[in-house]
Amino acid sequence: MDIGTKIRAIRNRKKITIAQMSEGTGLSKGFISNVENNNTSPSINTLNTIASFLGVPLPYLLLEKKQHMHVVRKDSRRKSTFNDLKIEHLTSKGGLRMMMVEFPPGTTIGEPHAHEGEECHLVLEGKILAEQGEDSILVEAGDSFSWNASVPHFVKNIGDEKAVVLISIYSDTELMDVL
């Protein structure tokens with residue numbers, strides 16, 4: 001783990017000197033320097049003191065680089081199509097994926113289908129028919145719904161205009177593209 005480099009970066013970004021940090025934490029300047037150079041591994045209590053002084057949560061100091069925030073810029077999103085649906089893959093983290101799906105009038109996801117995981121939907125534009133098992137509901141812009149995806153489900157644009165739906169899918173295992 002490269003905790004020291006992260007501590008130094010935060011300290012420098014906040015324009016805090018080692019002397020100021022030493023005074024604020026009660027840790028010696030030499031110790032702080034050794035921590036920042038990854039020459040010593042501080043205890044959790046010491047890391048907590050440093051985190052408090054720097055105004056960051058302790059767990060942030062313990063994250064590995066690959067666990068940090070991941071940004072996907074609008075013009076870098078992966079796009080695909082499925083049954084005339086336009087899909088923008090917004091982001092993913094572990095077993096969680098988020099996408100924006102555009103349904104032209106009358107289009108569906110296809111036949112009712114099921115897969116592992118949970119789904120949450122937010123209708124951004126249009127009118128959608130959502131069915132899961134024996135349940136059927138009409139939803140419009142601003143409405144949201146969720147379901148256990150292991151029960152067969154179906155979504156269709158029943159309006160005269162395109163419908164846009166924000167969909168988040170969570171699964172304990174990595175799913176191949178559901179859409």
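Presented here is an overview of the structure given in this document. (Residues numbered from 1 in each chain as written. Predicted model: local features only at pLDDT ≥ 70, side-chain atom pairs only at ≥ 80, totals over all residues. Heavy atoms only, no water.)

1. Concerning the sheet that holds strand E9 (residues 163–170)
To be explicit about the condition: By definition, two strands form a pair when at least two bridges between them are found by DSSP. Numbering goes from the N terminus for both helices and strands, where a helix is a DSSP run of H or I of at least four residues and a strand is a run of E of at least two. Only C-alpha atoms enter the line fits that serve as axes; for helices the fit covers just the stretch in contact. Angles between N-to-C directions range over 0 to 180 degrees.
Judged by pairing direction, the sheet is antiparallel, and its six strands sit side by side in the order E1-E2-E3-E9-E4-E7 without closing on themselves. Either end of the sheet is taken by a strand with one partner, and the two such strands are strand E1 (78–82) and strand E7 (144–148). Strand-to-strand twist across the sheet, computed as the mean angle between neighbouring axes with direction ignored, equals 25 degrees. Sheet analysis places strand E4 (residues 118–125) next to E7, joined by five bridges and oriented antiparallel. Residue pairing across strands places Leu-122 opposite Ser-144, the latter belonging to E7.

2. Quick look at the pairing of E1
Side chains on a regular strand alternate between the two faces of the sheet. Across five bridges, the pairing between E1 and strand E2 (residues 85–93) is antiparallel. Bridge assignment links Phe-82 to a residue of E2, and that residue is Leu-85.

3. With respect to the pattern of salt bridges
Here is the rule: Here, a salt bridge means any side-chain nitrogen of Lys or Arg that lies within 4 Å of a carboxyl oxygen of Asp or Glu. We call a residue buried when its accessible area falls under 20% of the maximum for its residue type, exposed when it is over 50%, and partly exposed in between, using a 1.4 Å probe and counting protein chains only.
According to the stated counting rule, one finds five salt bridges in the structure shown. Put simply, Arg-11 and Glu-36 hold a salt bridge, and the shortest N to O gap is 2.6 Å. Placement of Arg-11 in helix H1 (residues 3–13) and of Glu-36 in helix H3 (residues 29–36) is noted, with a sequence separation of 25 residues between them. For the residue pair Arg-11 and Glu-36, the accessibility class agrees, reading buried in each case. Residues Glu-102 and Lys-86 are paired through a salt bridge, measuring 3.8 Å at the closest nitrogen-oxygen approach. With Glu-102 in strand E3 (residues 96–103) and Lys-86 in strand E2, the pair connects residues that are 16 residues apart, well separated along the chain. Given the relative accessible area of 49%, Lys-86 is considered partly exposed. One network of salt bridges, in which partners are shared, links Arg-8, Arg-11 and Glu-36.

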